[in-house]
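Analysis of the macromolecular model
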Amino acid sequence: SSSGLMLICSQRLHDDALYQIRFALPDADSEHEASLEVGVHEQWTEQAAVPGQFWSGLRIIDIAPEAETHLLNWLEQV
């Protein structure tokens with residue numbers, strides 16, 4: 001979403017920790033990807049059904065204006 005994301009991780013994230021993550025989203029033409037870098041705050045982490053994996057909810061706390069525009073455009077397409 002525009003305010004956060006959920007990840008599946010191979011390691012448990014630290015409670016209430018701040019992270020800088022980078023991920024790719026397709027461009028509008030779907031031929032290229034844009035790399036977005038965001039600052040996130042861990043909200044919760046739970047063990048997944050698969051041993052050794054964890055679900056984590058992250059709130060976006062910092063995102064560059066260009067990256068935010070790209071994210072919002074991508075969200076409108078899905």
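Attention now goes to the sheet that holds strand S1 (residues 4-9). Ordered in space as S1-S4-S3-S2, the four strands form an open sheet in which the pairing is antiparallel. Because the sheet does not close on itself, it has two edges, and the strands there are S1 and strand S2 (18-26). Strand-to-strand twist across the sheet, computed as the mean angle between neighbouring axes with direction ignored, equals 45 degrees. Note: S1 against strand S4 (residues 54-63), six bridges, orientation antiparallel.

For the rest of this paragraph, the subject is the side chain of His-41. Mapped onto the fold, His-41 is located in strand S3 (residues 33-47). Within polar-contact distance, the side chain of His-41 engages the side chain of Gln-43 at 3.0 Å. In this structure His-41 touches Asp-16, Ala-17, Leu-18, Gly-57, Leu-58, Arg-59 and Ile-61, once residues within four positions along its chain are discounted.

Criteria and cut-off values
Residues numbered from 1 in each chain as written. Predicted model: local features only at pLDDT ≥ 70, side-chain atom pairs only at ≥ 80, totals over all residues. Heavy atoms only, no water. Pairing = 2+ DSSP bridges. Helix = DSSP H or I, 4+ residues; strand = E, 2+ residues; numbered from the N terminus. Axes fitted to C-alpha atoms, helices over the stretch in contact; angles between N-to-C directions. Polar contact = N/O pair within 3.5 Å; in protein donor to acceptor, adjacent residues only side chain to side chain. Contact = heavy atoms within 4.5 Å.

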